[in-house]
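Fold and geometry: a report
As a plain string of letters, each chain reads:
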Amino acid sequence: MTPGEYKSMVDCALEQSFRAALDLSYGGLAEAMRYSLLAGGKRIRPMLVLEFSRICGGDLTETLPVACAIEMLHTYTLIHDDLPCMDNDTLRRGRPTNHVVYGECTATLAGDALQAEAFGTILRSNLSAERRANCAMALSDAVGLDGICGGQYLDMLGEGKKLSEEQLNDINSRKTGALLIAACRMGVYAAGGSPEQLEAATLYAAALGAAFQIRDDMLDVISTEQELGKPIGSDAQENKNTYMALYGAEECARMVDRLTQRAKDSLRGAFGDTAFLDELADSMAVRRN
């Protein structure tokens, strides 16, 4: 499978999400959920679910709901991240953010509902009970107290303070890395992969997530608003703690290269076919949006 084929699979499946609710009394909420869910994006996390399932011998049709679930969860985090009480962003993927279009209360509910529906989508899938439970557990670990929510809290506490690399890593391993780790682990779980494959997938995702965040910080400086689909330079304007602020562009680029190689090395021996994941890591290291 190519990235384009995976993306098409996921986009087609997501297009069907919550359509039936549009004509109901609470259809406006379904519309707000779909607005952000179908706004585009690279679908990296669903791709990771599907590819790790494939190389572990899984059935992609049975794994697809799990891939859609993690995109629902990811979309929830974006909606809430953009809210006025958080980052107060007005542009996401080249379009007005959810709260700008639907209002803050509806946007908050849209995020809440997407989080709940993510778990429901996994639990209603055709995977075995054990595999559904493992996938739901991995997603719960990523989003809860020790994951995204904890990372957002630490990020909030760090506002206006100069943080060390260790503190920055602590935040970003939760805000960014946790969901990428969940995606890779969910793919292995969906296919019934081995403990060795689960460990390799976790190491790959941790390195990929760290590189992803550093590249994100770089893009806020070196990219354009048109490429990025949202305002650039906001990190510096708001005095945010970033790897660019700590190390500058050259060292950040070297860090991304080292982490990308570490991600690829972690796959050796656990999987027979790593070409897709190697190429994905390389492409993430040089992405412009």
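Note that the coordinates shown come from a computational prediction; the quantities given were computed from them, not determined experimentally. (Residues numbered from 1 in each chain as written. Predicted model: local features only at pLDDT ≥ 70, side-chain atom pairs only at ≥ 80, totals over all residues. Heavy atoms only, no water.)

1. Concerning the overall build of the protein chain
Basically, it comes down to this: Only DSSP runs of H or I covering at least 4 residues are called helices, and only runs of E covering at least 2 are called strands; the numbering of each starts at the N terminus. As a reference, a globule follows 2.2 Å times the number of residues to the power 0.38, and the radius of gyration itself is taken over C-alpha atoms. Only protein chains enter the accessibility calculation, which uses a 1.4 Å probe; a residue whose area is less than 20% of its type maximum is buried, one above 50% is exposed, and one in between is partly exposed. Should any heavy atoms of two residues lie within 4.5 Å, those residues are counted as being in contact. Accessibility throughout is a Shrake-Rupley quantity obtained with a 1.4 Å probe, and a residue counts as covered only by protein chains that appear here.
Tallying secondary structure elements over the protein chain gives 14 helices and two strands in all. At 18 Å, the protein chain has a C-alpha radius of gyration in line with the 19 Å of a compact globule built from 289 residues. Summarising its shape, the C-alpha atoms of the protein chain cover approximately 55 × 50 × 35 Å along the three principal directions. Per-residue burial for the protein chain yields a buried fraction of 49% across its 289 residues. Across the protein chain, every contact between residues at least 6 apart in sequence was considered, and the portion connecting residues at least 24 apart equals 69%. Total accessible area computed for the protein chain in this model is approximately 13,000 Å², and 52% of it derives from carbon and sulfur atoms.

2. Considerations on the side chain of Arg-45
Heads up, the rule is: Positive charges come from Lys and Arg, negative ones from Asp and Glu, while His and the chain ends are left out of the count. Salt bridges are identified by distance alone: a Lys or Arg side-chain nitrogen within 4 Å of an Asp or Glu carboxyl oxygen. N or O atoms closer than or at 3.5 Å make up a polar contact, with two conditions inside protein: a donor-capable atom paired with an acceptor-capable one, and, for residues adjacent in sequence, both atoms drawn from side chains.
Its location among the elements puts Arg-45 in helix H3 (residues 44–55). Despite its burial, Arg-45 pairs with no opposite charge; the closest candidate is Glu-71, at 5.4 Å N-O. A polar side-chain atom of Arg-45 sits 3.4 Å from a polar atom in the side chain of His-74. Beyond its immediate sequence surroundings of up to four residues, Arg-45 is in contact with Ile-70, His-74, Leu-179, Leu-180, Ala-183 and Phe-212.

3. What about empty space enclosed by the protein?
Our working rule: Here the term cavity refers to a set of points on a 1 Å grid, laid over the protein atoms alone, in which a 1.4 Å probe fits but cannot get out; the term pocket refers to an open set having protein on both sides within 12 Å along at least five of seven lines, with lining residues being those that place an atom within 4 Å of a point. Grid points are joined across faces, edges and corners, and a volume is the space filled by probe spheres set on the points.
All chains considered together, the criterion is met by one cavity of 30 Å³ or more. Roughly 100 Å³ of internal volume is contained in the largest cavity. Taken together, 13 residues form the lining of the largest cavity, with Ser-36, Ala-39, Asp-82, Arg-92 and Asn-98 sitting closest to its centre. Only helix H2 (27–37), helix H4 (60–82) and strand E2 (95–96) provide two or more residues apiece to the lining of the largest cavity.

4. Some words on the packing of helix H8 (residues 148–157) against helix H9 (residues 165–191)
The cut-off we apply is this: An axis is simply a line fitted to the C-alpha atoms; with a helix, the fit covers only the stretch in contact. Between two such axes, the angle follows the N-to-C directions and lies from 0 to 180 degrees. Should the near helix be turned anticlockwise from the far one by less than a right angle, the crossing is left-handed, and should it be turned clockwise, the crossing is right-handed. Polar here means any residue other than Ala, Val, Leu, Ile, Met, Phe, Trp, Tyr, Cys and Pro, which are nonpolar, and Asp, Glu, Lys and Arg, which are charged; Gly is therefore polar.
Relative to each other, H8 and H9 sit at 145°, their axes nearing to 8 Å. At the point where H8 passes H9, the crossing takes the left-handed sense. On H9, the residues touching Ile-148, Gly-150, Gly-151, Gln-152, Leu-154 and Asp-155 of H8 are Asp-170, Ile-171, Arg-174, Lys-175 and Leu-179. Residues belonging to the contact of H8 with H9 are distributed by class as follows: four nonpolar, three polar and four charged.

5. Considerations on the layout of surface pockets
Counted as a void, the second largest pocket has a volume near 240 Å³. What lines the second largest pocket is a set of 16 residues, and nearest its centre among them are Asn-169, Ala-206, Ala-210, Tyr-243 and Leu-259. For the lining of the second largest pocket, the secondary structure elements donating two or more residues are H9, helix H10 (195–222) and helix H13 (243–265). Examining the composition of the lining of the second largest pocket, we find that six residues originate from one element, H9, more than from any other. Taken together, the residues that form the lining of the second largest pocket break down as seven nonpolar, six polar and three charged.

6. So, the pattern of salt bridges
Inspection of every chain in the model, using the stated rule, returns 18 salt bridges. Note that Glu-15 and Arg-34 form a salt bridge whose closest N and O atoms lie 3.0 Å from each other. Placement of Glu-15 in helix H1 (residues 3–15) and of Arg-34 in helix H2 is noted, with a sequence separation of 19 residues between them. Judged by relative accessible area, Arg-34 falls into the buried class, the value being 11%. The residue Arg-92 makes a salt bridge to Asp-82 at a minimum N-O spacing of 2.8 Å. Here Asp-82 lies in helix H4 and Arg-92 lies in strand E1 (residues 91–92), a separation of 10 residues in the sequence. For Arg-92, a relative accessible area of 18% translates into the label buried. Of the residues examined, Asp-82 reaches a relative accessible area of 3% and is grouped as buried. Bridged by salt links that share partners, the residues Lys-7, Asp-11, Arg-43, Glu-71 and Arg-93 form one connected network.

7. Some thoughts on the packing of helix H6 (residues 104–123) against helix H7 (residues 129–143)
Quick note on the threshold: The labels follow the angle: roughly parallel below 35 degrees, roughly antiparallel above 145, roughly perpendicular from 65 to 115, and oblique for the rest.
Where H6 contacts H7, the axes come no closer than 9 Å and their chain directions differ by 160°. Classified by the angle their axes make, H6 and H7 are roughly antiparallel. Between H6 and H7 lies a crossing of right-handed hand. Taking contact as the criterion, the partners of Gln-115, Ala-118, Phe-119, Ile-122 and Leu-123 in H6 are, on H7, Arg-132, Cys-135, Ala-136, Leu-139, Ser-140 and Val-143. Partitioning the contact of H6 with H7 into residue classes produces eight nonpolar, two polar and one charged.

Honestly, that's just the spatial picture; any functional story needs more than this.
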